[in-house]
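# Fold and contact review
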Amino acid sequence: MGLHGVKAVFFDLDNTLIDTAAAGRRAIEEVISALQSKHHYGEGEARAVCDKVQAKLLKECHDPAKMCITDLRISHWEEAIQETIGGEANRDLAAECYYLWKTTRLQHLTLAEDTRAMLTELRKGLRLLLLTNGERQTQREKIEACACQPYFDAIVVGGEQKEEKPAASIFHYCCDLLGVQPTECVMVGDSLDTDIQGGLNAGLKATVWLNKAMTAPVDTSPVPHYIISSVLDLPAVLQKMEHNTNSKLETDHMAGSNEAH
């Protein structure tokens, strides 16, 4: 698909191409089950531990210079267990929970067959780049787990750069990698705050918001150029963009023909 004006598409990873949220829920259920069956926790206690860990993950601030991500996340589990159960800190149990959670989550991160097919088709006429925020090791493990590398011309992880989305600098770095201009690129992602705002900050040709629940954004949110409920709807949006560009070219040509020479 050769598109007028569009040369590259940037894709977010988590909850755009892969269902990280669902994989995380499966992982949490696995840990709850293990805490009950192996360690004789009540279901309420086990869920409380996991709820606390999820809250810590949401607020996580990681400085790789001070601590590796593995130690930090084992500490989340250790603190959550101690806050829920009391008593001595149990680093061994925390590590067991962390590795079970991590392994299970990675096992359930898959790039769906129809998504693979879409990427393969798009790549026939466009350059594709994966642009994901997050800590280097965590994101690289996800990329490997879902085996998405062959579908992209380049992969950029925010945790490996000076700035992450929504900073314009990381988008411009991606453009330079592919040898394209921002006005030739489209950003696709599920986050208004990072993907859409970032695309707008960088002056990309268009931003496409993946809104699976089709929820109404709050008034203060950045406004995407297009909204889709499934990533599989993207080719239709790109076709629409091509049609709009062609229509504008025809209109401009007509206007030019009507001018006095």
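Structure report, in brief. In this text the structure is predicted, and so the values were computed from the model without any measurement.

### Quick notes on the overall build of the protein
On a plain count of helices and strands, the protein comes out with 9 helices and 6 strands. Expressed along its principal axes, the backbone C-alpha trace of the protein runs to roughly 90 × 40 × 35 Å. Classification of the 261 residues of the protein by burial places 44% in the buried group. The long-range share in the protein, meaning contacts at least 24 apart out of those at least 6 apart in sequence, stands at 63%. Surface accessibility of the protein: about 13300 Å² in total, with carbon and sulfur atoms responsible for 50%. Charge centroids of the protein, computed over 26 positive and 38 negative side chains, lie 2 Å from each other.

### A word on helix α1 (residues 20-37)
Note that an α-helix has 3.6 residues per turn; residues three or four places apart therefore point the same way. A rise of 1.5 Å per residue sets the reference length of α1, with its 18 residues, at 26 Å; its end C-alpha atoms lie 26 Å apart and thus fit the reference within 8%. Those residues of α1 that fall on the buried side of the exposure criterion are Thr20, Ala23, Gly24, Ala27, Ile28, Val31, Ile32, Ala34 and Leu35. In the core, the buried residues of α1 are packed alongside α2 (43-58), α3 (69-85), α4 (91-107) and α6 (136-146).

### Some remarks on the sheet that holds strand β3 (residues 154-157)
Taken in spatial order, the 6 strands make up an open sheet running β3-β2-β1-β4-β5-β6, and their pairing is parallel. Where the open sheet ends on each side, the last strands, each with one partner, are β3 and β6 (226-228). Here the strands of the sheet are splayed against their neighbours by 20 degrees on average, with no regard to which way each runs. Here strand β1 (residues 8-11) runs beside strand β4 (residues 185-189); their pairing, made up of 4 bridges, is parallel. Counted as the bridge partner of Phe11 is Val188 from β4.

### Some remarks on the state of the cysteines
Simply put, disulfide is the name for a covalent bond between the sulfur atoms of two cysteines. Here the structure, examined in full by the defined rule, presents 0 disulfides. Unpaired in terms of disulfides, Cys61 finds its nearest cysteine sulfur in Cys68, a separation of 17 Å. The exposure class assigned to Cys61 is exposed, which follows from its relative accessible area of 72%. We note that Cys174 lacks a disulfide partner, and the nearest cysteine sulfur, in Cys175, lies 7.0 Å from it. Looking at Cys174, the relative accessible area reads 0%, which means it is buried.

### As for the packing of α1 against α4
Following both chains from N to C, one finds α1 and α4 inclined at 140 degrees, their axes separated by 8 Å at the closest point. Of the two possible hands of crossing, α1 and α4 adopt the one that is right-handed. Packed against α1, whose contacting residues are Thr20, Ala23, Gly24, Arg26, Ala27, Ile28, Glu30, Val31, Ala34 and Leu35, the element α4 presents Leu93, Cys97, Leu100, Trp101, Thr104 and Arg105 at the interface.

### Regarding helix α8 (residues 192-201)
Those residues of α8 lying buried are Leu192, Asp195, Ile196, Gly198 and Gly199. Looking at the buried side of α8, the elements it contacts are α7 (168-178), β4 and β5 (206-210). Here α8 starts with a cap whose side-chain oxygen sits 3.3 Å from the backbone nitrogen of Asp193, and that cap is Ser191.

### A short note on the pattern of salt bridges
Using the criterion set out here, one finds 15 salt bridges in the structure. The closest approach of N and O atoms between Lys142 and Asp14, which form a salt bridge, is 3.1 Å. You can see Lys142 sitting in helix α6 and its partner Asp14 sitting in the loop between β1 and α1, a full 128 residues away along the chain. Classification of Lys142 as buried rests on a relative accessible area of 5%. Residue Lys165 is joined to Asp195 by a salt bridge in which the shortest nitrogen-to-oxygen separation is 2.7 Å. One end of the pair, Lys165, is in the loop between β3 and α7; the other, Asp195, is in helix α8, with 30 residues separating them in the sequence. The pair Lys165 / Asp195 is uniform in exposure class, with both members buried. Sharing partners across several salt bridges, the network here consists of Asp12, Lys165 and Asp195.

### A closer look at the pairing of β4
Taken across its 5 residues, β4 has 5 buried, putting it largely inside the fold. Across the two faces of β4 the burial is the same, with Cys185, Met187 and Gly189 and Val186 and Val188 all buried. In the sheet, β4 pairs with β5 via 4 bridges, with the strands oriented parallel. Paired with Gly189 across the two strands is Trp209, which belongs to β5. As a crossover connection, the stretch from β4 through α8 into β5 is right-handed.

### Concerning the packing of α4 against α6
Packed helices, taken two at a time, are described by their axes: the angle between them and the distance between them. It is at 9 Å that the axes of α4 and α6 come closest, and there the two elements cross at 40 degrees. Between α4 and α6, the angle falls in the class oblique. Along the contact surface, α4 presents Lys102, Arg105 and Leu106, while α6 presents Gln137, Thr138, Glu141, Lys142 and Ala145. Of the residues belonging to the contact of α4 with α6, the class tally is 2 nonpolar, 2 polar and 4 charged.

Rules used throughout
Residues numbered from 1 in each chain as written. Predicted model: local features only at pLDDT ≥ 70, side-chain atom pairs only at ≥ 80, totals over all residues. Heavy atoms only, no water. Helix = DSSP H or I, 4+ residues; strand = E, 2+ residues; numbered from the N terminus. Buried < 20%, exposed > 50% of the residue type's maximum accessible area, 1.4 Å probe, protein only. Contact = heavy atoms within 4.5 Å. Areas by Shrake-Rupley, 256 points an atom, 1.4 Å probe, with all protein chains shown as cover. Lys, Arg positive; Asp, Glu negative; His and termini not counted. Charge placed at Lys NZ, Arg CZ, Asp CG, Glu CD. Expected span 1.5 Å × (residues − 1). Pairing = 2+ DSSP bridges. Axes fitted to C-alpha atoms, helices over the stretch in contact; angles between N-to-C directions. Disulfide = S-S within 2.5 Å. Left-handed = near helix turned anticlockwise from the far one by under 90°. Polar contact = N/O pair within 3.5 Å; in protein donor to acceptor, adjacent residues only side chain to side chain. Salt bridge = Lys/Arg side-chain N within 4 Å of Asp/Glu carboxyl O. Right-handed = clockwise from strand over helix to strand, strands pointing away. Parallel < 35°, antiparallel > 145°, perpendicular 65-115°, else oblique. Nonpolar A, V, L, I, M, F, W, Y, C, P; charged D, E, K, R; others polar.

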